[in-house]
Amino acid sequence: MSARLEPGRLAAGVELVHREAMYLDEQRWDDWLALYIDDCEYWMPAWKADGTPTTDPQSELSHIYYANRAGLEDRIVRIRSGKSPASTPMPRTAHILGTILPLEAPAADRLRLRSSWVSHVFFTRSHESHAFFGRSEHELVLREGDWRIAKKKILLQNDYIPTMLDIYCV
């Protein structure tokens, strides 16, 4: 595998992952949703045991699971409504991305990336800050000339969760 053979494609994928983090921090929900294709999968598995995450979102526990973009859209509607106790008032976030590397050689219309990240979250209601950290895998597909997210898998490393956890926290 050599990502060096496809520097433009890889750079576009890396930019998309950074853009996703920026949109979450800036609460640009429409721009964030536009990064996902309609039949995307957004998944943050739980841990079965130390070092062993769940492997099937259909039959095992997940921290967060949306089988398609409609589920993400529904979550954004609840966040915007002000009727989501977890999101009222909205916490402030800062996503910091670490290394972003390809998981395999890029295809013409598909790119799989792995990244590390930390998200700092300030809950204005309680005046508390928490840091969540982990690794993510993004599967990107080329649609109408633009890269979009087909799958996102988030592996939360510090899964003792002292407060609520939502899409903008990871």
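What you are looking at is a predicted structure, and each value in this text was computed from that prediction instead of being measured. (Residues numbered from 1 in each chain as written. Predicted model: local features only at pLDDT ≥ 70, side-chain atom pairs only at ≥ 80, totals over all residues. Heavy atoms only, no water.)

**Student:** It is not clear to me how the packing of aromatic side chains should be interpreted in this structure. Could you clarify?
**Tutor:** For any pair of aromatic rings, the description consists of the separation of the ring centres together with the inter-plane angle of the planes. For the structure shown, the criterion picks out five aromatic pairs. On the numbers, 6.2 Å between centres and 50° between planes, the contact of Trp-29 with Tyr-168 is tilted. Placement of the pair is Trp-29 in helix H2 (residues 29–34) and Tyr-168 in the segment after strand S8 (146–156), with a sequence separation of 139 residues. Centre to centre, the rings of Trp-32 and Tyr-42 are 6.2 Å apart; their planes meet at 80°, and the pair counts as edge-to-face. (Phe/Tyr/Trp six-rings, centres within 6.5 Å; stacked < 30°, edge-to-face > 60°. Helix = DSSP H or I, 4+ residues; strand = E, 2+ residues; numbered from the N terminus.)

**Student:** Would you explain helix H3 (residues 69–81) in this entry?
**Tutor:** Residues lying three or four places apart along an α-helix face the same way, a consequence of the helix completing one turn every 3.6 residues. Taking 1.5 Å per residue as the helical rise, H3 with its 13 residues ought to reach 18 Å, and the 18 Å between its terminal C-alpha atoms agrees with that figure. Every buried residue of H3 is accounted for by Arg-69, Gly-71, Leu-72, Arg-75, Ile-76 and Ile-79. Within H3, the buried residues cover an arc of 155° as seen down the axis, which keeps them to one side. Those residues of H3 that are buried are in contact with H2, strand S1 (36–45) and strand S4 (62–66). Positive backbone phi, approximately 80°, marks Gly-82, located one or two places after H3. (Expected span 1.5 Å × (residues − 1). Buried < 20%, exposed > 50% of the residue type's maximum accessible area, 1.4 Å probe, protein only. Arc of directions from axis to C-beta. Contact = heavy atoms within 4.5 Å.)

**Student:** Before we go on, may I ask you to explain the environment of Met-22 in this structure?
**Tutor:** You can see Met-22 is positioned in helix H1 (residues 7–25). Between the C-alpha atom of Met-22 and that of Val-141, which follows or precedes it by 119 residues, the distance is 20 Å.

**Student:** I would appreciate a short explanation of the sheet that holds S4 in the present structure.
**Tutor:** Strands belonging to one sheet form pairs held by backbone hydrogen bonds; the direction of such a pair is parallel or antiparallel. Strand order in this open sheet of six strands is S4-S1-S8-S7-S6-S5, and the pairing throughout is mixed. The sheet is open, and its two edges are formed by S4 and strand S5 (92–102), each paired on a single side. Adjacent strand axes in the sheet meet at a mean angle of 20°, parallel and antiparallel pairs treated alike. Along the sheet, H1 makes contact with S1, S5, strand S6 (110–123), strand S7 (128–143) and S8, crossing S5 at roughly 165°. (Pairing = 2+ DSSP bridges. Axes fitted to C-alpha atoms, helices over the stretch in contact; angles between N-to-C directions.)

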